[in-house]
Amino acid sequence: KKQKWTPTQVKLLMTYLTIIAKKRNIGGRIRVAQEGVNSTLSAIDMPTKDGLTAMETLRHVIQDLKNFDPVFNSTDFKFIDDLSPDRHFKELKVIPVQELVFYGIREEDAACQEGGVHLDATQYHEMLKKENAVVIDVRNHYEAVIGRFDGQDASDKGKGTDKGKKSDEKKSGAEYLDPKMRKSTDFTQWLAKDETKQKLKDKTVLMYCTGGIRCERASAYLKREMGSEVEGVFQLQGGIERYLKAFPDGGFWRGKNFVFDKREAVSANDVNGDGGVIKNKKKSKKKQGADDDDNLPAKCCVCEQKWDRYVGKKKCWTCGVPVLMCEQCMSLKPDKTPGMELKVRCPLCVEENVTVPASEVEFTENGVKNKDSKSGSKAKNNAGKGKAAG
């Protein structure tokens, strides 16, 4: 939204949304700020004689929003129809926030309307072929490990090449960059590094996220920080979800798209997602190029076997982000077994040798110290993650 709503308008919208939810029997999460709205909503078919289908209900909700404010006439709405009923949110949460995506950046320093050029899926696909370009994953690292845009790199055994064709060509296409973030506020620290700026210098910069919202502030901030040092900043309109709809074969995407709803993670040929009970699936012939997904870094945090399901709500023992844990290791309950806690860590905490749990770190004005005063030991601040001091 170019012109902010007033606090009063935000309150009115929240009340209006609550009334709509009750009337339409919708569920989901809606984040409301003065700068706009970010939401994921669901509906189910109504069993009454004159009941609406889920598809019809959601279209009515959109019209309700347009009736509230004409700004919604130009809003980018994405519909995923015919999902199974168990993907429906049972309740609606309307949450007031200061920023739709919290980066810790003042709006005057990076206004969303000053962000990158929006490209549709086909345009973005063509840009991924550029050699003097980089593509930045603006999601958290735990999302990136199970899926990413690096199929344009034809140097690695022809993985994920255009149209699923194999190629032994020399490396081509935009270089994939993962900022390795635990949360969005890590983006500014990553961009401030000299190493990062060197990788971006004189390059065409492409950015993407799940649905497009996280790129708005991030691209504006990157433009402000890098300016003419880069050859343009572009972002994927509608995010990964829109791209996979445009490219049913996956295009240059490899793996799964992590989503924050009951679908858990979706792939190009499975919009219903992985969410739910783990099922023993019979081995079937993979689609062309699908074996390339085996090269992704997704693996069980305990046994390190290939695994790409976030089930059981397992969290990193040291920093608290979601971790991948296979069914067999979950049965051993390493997160509840004394002496095995360090096995339940995310890839970033392992890489950075973070061994102090965030819950046992005390933040002070000038740094971080361990709460355990008996030992007298201290811990350094490692991006807020309590890395043990040497």
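Treat the numbers as computed from the prediction; the structure is a model and nothing was measured. (Residues numbered from 1 in each chain as written. Predicted model: local features only at pLDDT ≥ 70, side-chain atom pairs only at ≥ 80, totals over all residues. Heavy atoms only, no water.)

## Focus: the side chain of Gln 235
For clarity, the threshold we go by: Numbering of helices and strands runs from the N terminus; a helix is a DSSP stretch of H or I covering at least four residues, while a strand is a stretch of E covering at least two. Residue exposure (1.4 Å probe, protein chains only): buried if accessible area is under 20% of the type maximum, exposed if over 50%, otherwise partly exposed. The term polar contact refers here to a pair of N or O atoms within 3.5 Å; inside protein, the definition further demands a hydrogen-donor-capable atom paired with an acceptor-capable atom, and it admits residues adjacent in sequence only when both atoms are side-chain atoms. Throughout, a contact is declared for two residues whenever any of their heavy atoms are within 4.5 Å.
Along the polypeptide, Gln 235 turns up in strand β9 (residues 233–236). Judged by relative accessible area, Gln 235 falls into the buried class, the value being 1%. Side-chain polar atoms of Gln 235 contact the side chain of Ser 219, separated by 2.7 Å. In this structure, Gln 235 is in contact with Gly 115, Gly 116, Val 117, His 118, Leu 119, Tyr 124, Met 207, Gly 212, Cys 215, Glu 216 and Ser 219, ignoring residues within four places of it in sequence.

## Overview of helix α1 (residues 7–24)
The following threshold applies: A helix is expected to reach a length of 1.5 Å times the quantity of its residues less one. The directions considered for the arc run from the helix axis to the C-beta atoms.
Taking 1.5 Å of rise per residue, 18 residues should cover 26 Å, and α1 covers 26 Å from first to last C-alpha, within 8% of that figure. Within α1, the full set of buried residues consists of Val 10, Leu 13, Met 14, Leu 17, Ile 20, Ala 21 and Arg 24. Down the axis of α1, the sector holding all buried residues measures 125°, keeping them to one side. Residues of α1 that are exposed and point over 90 degrees away from its buried face: Thr 8, Lys 11, Leu 12, Ile 19, Lys 22 and Lys 23. Structurally, α1 contributes buried residues whose contacts are with β1 (27–33), β2 (36–42), α2 (54–68) and β3 (92–96).

## Here's the deal with the pattern of salt bridges
Note the threshold: Within this document, salt bridges are pairs made up of a side-chain nitrogen of Lys or Arg and a carboxyl oxygen of Asp or Glu, the two lying within 4 Å of each other.
The full count for this structure, using the stated rule, is 24 salt bridges. Across the pair Asp 109 and Arg 224 runs a salt bridge whose closest N-O atoms are separated by 3.5 Å. Placement of the pair is Asp 109 in the loop between β3 and β4 (117–119) and Arg 224 in helix α7 (residues 213–226), with a sequence separation of 115 residues. Across the salt bridge formed by Glu 352 and Arg 182, the nearest N and O atoms sit 3.0 Å from each other. Of this pair, Glu 352 sits in the loop between α10 (347–351) and β13 (361–363) while Arg 182 sits in the loop between β7 (175–177) and α5 (187–192), placing them 170 residues apart in sequence. Judged by relative accessible area, which is 22%, Glu 352 ranks as partly exposed. Three or more residues are tied together by salt bridges with common partners; here these are Arg 106, Asp 109, Arg 224 and Glu 225.

## Brief notes about the environment of Lys 180
Residue placement: Lys 180 occurs in the loop between β7 and α5. For Lys 180, a relative accessible area of 36% corresponds to the partly exposed category. In contact with Lys 180, other than residues within four places in its own chain, are His 141, Leu 348 and Glu 351. Among the polar contacts made by the side chain of Lys 180, one reaches the side chain of Glu 351 at a distance of 3.1 Å.

## Considering the nonpolar core
Rule in force here: Nonpolar cores are built from buried Ala, Val, Leu, Ile, Met, Phe, Trp, Tyr and Cys residues. Side-chain atoms within 4.5 Å join them into one set.
Residues Ile 146, Cys 300, Tyr 310, Cys 316, Leu 324, Met 325 and Cys 346 are the most contacted members of the largest nonpolar core, which totals 26 residues. When residues of this core are traced back to their parent elements, those giving at least two are α9 (327–332) and α10. The residues touching Leu 324, leaving out its near neighbours within four places in the chain, are Val 145, Ile 146, Ala 298, Lys 299, Cys 300, Cys 301, Trp 307, Asp 308, Arg 309 and Tyr 310. Formed by 24 residues, the second largest nonpolar core is a distinct cluster that contains Ala 110, Leu 191, Tyr 221 and Leu 222.

## A word on the packing of aromatic side chains
As a reminder, the rule being used: Ring pairs are drawn from Phe, Tyr and Trp, using the six-membered ring of Trp, whenever the two centres fall within 6.5 Å, and their geometry is named by plane angle: stacked under 30 degrees, edge-to-face over 60, tilted for the rest. Any Lys NZ or Arg CZ found within 6 Å of a ring centre and within 35 degrees of that ring's normal is scored as a charge over the ring.
Here the structure, examined in full by the defined rule, presents 14 aromatic pairs. Ring plane angle 80° and centroid distance 5.1 Å describe the contact between Phe 149 and Trp 253, whose orientation is recorded as edge-to-face. Taken together, the residues Phe 149 in strand β6 (residues 147–149) and Trp 253 in strand β10 (residues 253–255) connect sequence positions 104 residues apart. Members of the aromatic cluster, joined through ring pairs, are Tyr 124, Phe 149, Tyr 208, Tyr 243, Phe 247 and Trp 253. When the ring centre of Phe 79 is taken as reference, the NZ or CZ atom of Arg 59 above it lies at 3.8 Å.

## Observations regarding the environment of Pro 357
Note on placement: Pro 357 falls in the loop between α10 and β13. Residue Pro 357 is classed as buried on the basis of its relative accessible area of 5%.

## What about the packing of α1 against α2?
Using the following cut-off: In this analysis, axes come from line fits to C-alpha atoms, helices being fitted only over the stretch in contact, and the angle between any two N-to-C directions falls in the range 0 to 180 degrees. For this classification, under 35 degrees means roughly parallel, over 145 means roughly antiparallel, 65 to 115 means roughly perpendicular, and everything else is oblique. It is the rotation of the near helix from the far one that decides the hand of a crossing: anticlockwise by less than a right angle makes it left-handed, clockwise makes it right-handed. Gly is put with the polar residues, along with every residue not named as nonpolar or charged; the nonpolar set is Ala, Val, Leu, Ile, Met, Phe, Trp, Tyr, Cys and Pro, and the charged set is Asp, Glu, Lys and Arg.
It is at 11 Å that the axes of α1 and α2 come closest, and there the two elements cross at 155°. By the criterion of interaxial angle, the relationship of α1 to α2 is roughly antiparallel. With respect to the hand of their crossing, α1 and α2 are arranged in right-handed fashion. Taking contact as the criterion, the partners of Gln 9, Leu 12, Leu 13, Tyr 16, Leu 17, Ile 20 and Arg 24 in α1 are, on α2, Thr 57, His 60, Val 61, Asp 64, Leu 65, Asn 67 and Phe 68. Its residues assigned to classes, the contact of α1 with α2 shows eight nonpolar, four polar and two charged.

## Observations regarding the sheet that holds β9
Stated precisely, the cut-off is as follows: By definition, two strands form a pair when at least two bridges between them are found by DSSP.
Strands sit in the order β4-β9-β8-β5-β7 across an open sheet of five strands; the sheet is parallel. At either end of the open sheet lies a strand with only one pairing partner, and these are β4 and β7. Pairs of neighbouring strands in the sheet enclose a mean axial angle of 30°, with direction left out of account.

## Side note on the confidence of the model for the protein chain
Under the convention used in this document: How sure the predictor is of each residue is captured by pLDDT, a score from 0 to 100.
When pLDDT is averaged along the protein chain, the result is 85, and 82% of the positions lie at 70 or above. Contacts from residues 282–291, a stretch scored under 50 in pLDDT, to residues over four places away or in other chains number nine contacts. Overall, residues 372–390 carries pLDDT values under 50, and its contacts beyond four positions in sequence, including any with other chains, amount to 34 contacts.

## Quick notes on the sheet that holds β2
Pairing within the open sheet is mixed, and its three strands lie in the order β2-β1-β3. Sheet topology places β2 and β3 at the edges, where each strand pairs with a single neighbour. The average angle at which neighbouring strand axes cross in this sheet is 5°, direction not considered. Both β1 and β3 contribute to a ladder of five bridges, which runs parallel. In the sheet register, Arg 31 faces β3, and the bridge partner there is Ile 95.

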